[in-house]
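Given next are the chains, with one letter for each unit.
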Amino acid sequence: MAEKDGINTKDFLIGGLIGAIVGSAAALLFAPKSGKELREDLNTQVDTIKEKGNQWKDVAYEKGIEISGVAKGTKDKLVDSAGGFVDVVKDKSGKLADTVSKQSKAVKEVVSQNKEENQEAAKKAAEALKSEVKDAADDVEKAADKAKNEAKKAVDEGKDEAKKIASDAKKEVK
């Protein structure tokens, strides 16, 4: 049995050696390029991939700056729109406060003069105040609607421009 094990090991080693020689010869005969040529091709492809990656990075950076500009412009439009609304509300509130103050003084004066006339003057003052409040409320509502529409328009324009920039970026990368 020892001899049989020795022969098997010896045969195995001889077969492995012959297989290695045949495999090496086949590799040399059938290799499409030498090792040097293969390394040069790999280096060329790596350089191409690096260059393409740098191009994608540059495109992404440029498009990021463009989208940032669009977002800033949209923000500025929204701030302007809101500022206009605030100005209208302040103006109407101030006018309304003045009207209330004047009407209150008129009511006080009338009350001090005579009771019957007071009732009529109070009614007139109340009607005037009611009309002034309604007008102010209408103006504020119009300003709010205008600001809302301007804000929606600014946001929609910003979205459309950002989508266009993103689409252009995809085209440039391809």
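Quantities reported herein were computed from a predicted structural model and do not represent experimental measurements.

(A) Structural detail: the pattern of salt bridges. Using the criterion set out here, one finds six salt bridges in the structure. Here Glu66 ties to Lys63 by a salt bridge, and the two come within 3.6 Å at their closest N and O atoms. Here Glu66 pairs with Lys63, and both are found in helix H2 (residues 35-113), just three residues apart, close to one helical turn. Here Lys152 makes a salt bridge to Asp156, at a shortest N to O gap of 3.2 Å. With Lys152 and Asp156 both in helix H3 (residues 115-173) and four residues apart, the pair spans about one turn of that helix. For Lys152, a relative accessible area of 52% corresponds to the exposed category. Overall, Asp156 belongs to the partly exposed group, its relative accessible area being 30%.

(B) Spotlight on the side chain of Thr99. Following the sequence through the fold, Thr99 ends up in helix H2. Overall, Thr99 belongs to the buried group, its relative accessible area being 16%. When sequence neighbours within four positions are dropped, the list of residues in contact with Thr99 reads Leu129 and Glu132.

(C) Structural context of the confidence of the model for the protein. Model confidence for the protein is summarised by a mean pLDDT of 78, while 89% of its residues fall at 70 or above. Confidence scores differ between elements of the protein, with helix H1 (residues 2-30) showing the lowest mean pLDDT of 74 and H2 the highest of 80.

(D) A look at a nonpolar patch on the surface. Judged by side-chain polarity, Ile14, Ile18 and Val22 come together as a nonpolar surface patch covering roughly 270 Å² of accessible area. Structurally, the position occupied by Ile14 is in helix H1. Residue classification places Ile14 among the partly exposed residues on the basis of a relative accessible area of 43%.

(E) Inspection of the side chain of Thr74 at higher detail. Along the polypeptide, Thr74 turns up in helix H2. Judged by its relative accessible area of 13%, Thr74 falls in the buried class. When sequence neighbours within four positions are dropped, the list of residues in contact with Thr74 reads Ala154, Val155 and Gly158.

What counts and how
- Residues numbered from 1 in each chain as written.
- Predicted model: local features only at pLDDT ≥ 70, side-chain atom pairs only at ≥ 80, totals over all residues.
- Heavy atoms only, no water.
- Salt bridge = Lys/Arg side-chain N within 4 Å of Asp/Glu carboxyl O.
- Helix = DSSP H or I, 4+ residues; strand = E, 2+ residues; numbered from the N terminus.
- Buried < 20%, exposed > 50% of the residue type's maximum accessible area, 1.4 Å probe, protein only.
- Contact = heavy atoms within 4.5 Å.
- pLDDT = per-residue confidence, 0-100.
- Patch = residues over 30% accessible without salt bridge, like charges linked within 9 Å, V, L, I, M, F, W, Y side chains within 5 Å.
- Areas by Shrake-Rupley, 256 points an atom, 1.4 Å probe, with all protein chains shown as cover.

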